[in-house]
Amino acid sequence: AALDAALGYRAKRITRYVAAPSETAGLETISITLSRLSPKDIDDIERSLMQLKGVKSLSRRGPLG
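Residues numbered from 1 in each chain as written. Predicted model: local features only at pLDDT ≥ 70, side-chain atom pairs only at ≥ 80, totals over all residues. Heavy atoms only, no water.

Enquirer: So what's going on with the nonpolar core? Which residues, and what values?
Expert: A general tendency of soluble globular proteins is for nonpolar side chains to be buried together. Counting residues in hydrophobic clusters, the biggest one holds 7 residues: Ala6, Leu7, Ala11, Leu37, Ile42, Ile45 and Leu49. Breaking this core down by element, the ones donating at least two residues are α1 (2–7) and α2 (39–50). The greatest single-element share of this core, amounting to 3 residues, is contributed by α2. Residue contacts for Ala6: discarding those within four places in its chain leaves Ser48, Leu49 and Leu52. (Core = buried A, V, L, I, M, F, W, Y, C linked by side-chain atoms within 4.5 Å. Buried < 20%, exposed > 50% of the residue type's maximum accessible area, 1.4 Å probe, protein only. Helix = DSSP H or I, 4+ residues; strand = E, 2+ residues; numbered from the N terminus. Contact = heavy atoms within 4.5 Å.)

As structure tokens, then:
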């Protein structure tokens, strides 16, 4: 629900979601794949996700990073 709220209308662009235990106890690594978004949308999503309680870091992979 928090991810949907952070992404807003762009949540429909999620094509893949994977959650796995992190190497650090008590944390999870979550990977999402989004399609057909502008660089501005990606920047907005990153800002929104970093404001969520519990988000420790983000990394961007793929064509834009």
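Enquirer: So, the pairing of strand β2 (residues 28–34): which residues are in play, and what are the values?
Expert: Along a regular strand, successive side chains alternate from one face of the sheet to the other. Alignment of strand β1 (residues 14–21) against β2, held across 7 bridges, turns out to be antiparallel. Residue pairing for β2: Tyr17 is matched across the bridge by Ile32. If you look at the hairpin formed by β1 and β2, you'll find 6 residues sitting between the two strands, and Gly26 has a positive phi there, around 85 degrees. (Pairing = 2+ DSSP bridges.)

Enquirer: Provide a residue-level description of the pattern of salt bridges, including the pertinent values.
Expert: A full pass over the atoms with the stated rule returns 6 salt bridges. Residue Arg47 pairs with Asp44 through a salt bridge whose shortest N-O separation is 2.4 Å. Placement of the pair is Arg47 and Asp44 together in helix α2, with a separation of 3 residues, close to one helical turn. A relative accessible area of 48% means that Arg47 is categorised as partly exposed. Classification of Asp44 as buried rests on a relative accessible area of 15%. Residues joined in a network through salt bridges with shared partners are Arg10, Lys40, Asp41, Asp44 and Arg47. (Salt bridge = Lys/Arg side-chain N within 4 Å of Asp/Glu carboxyl O.)

Enquirer: Residues and numbers for unusual backbone geometry, please.
Expert: The backbone of Arg36 shows a phi angle near 50 degrees, a positive value even though the residue is not glycine. Tracing the backbone through its elements, the reader meets Arg36 in the loop between β2 and α2. Looking at Arg36, the relative accessible area reads 70%, which means it is exposed.

Interpretation in functional terms is not warranted from these geometric data alone.
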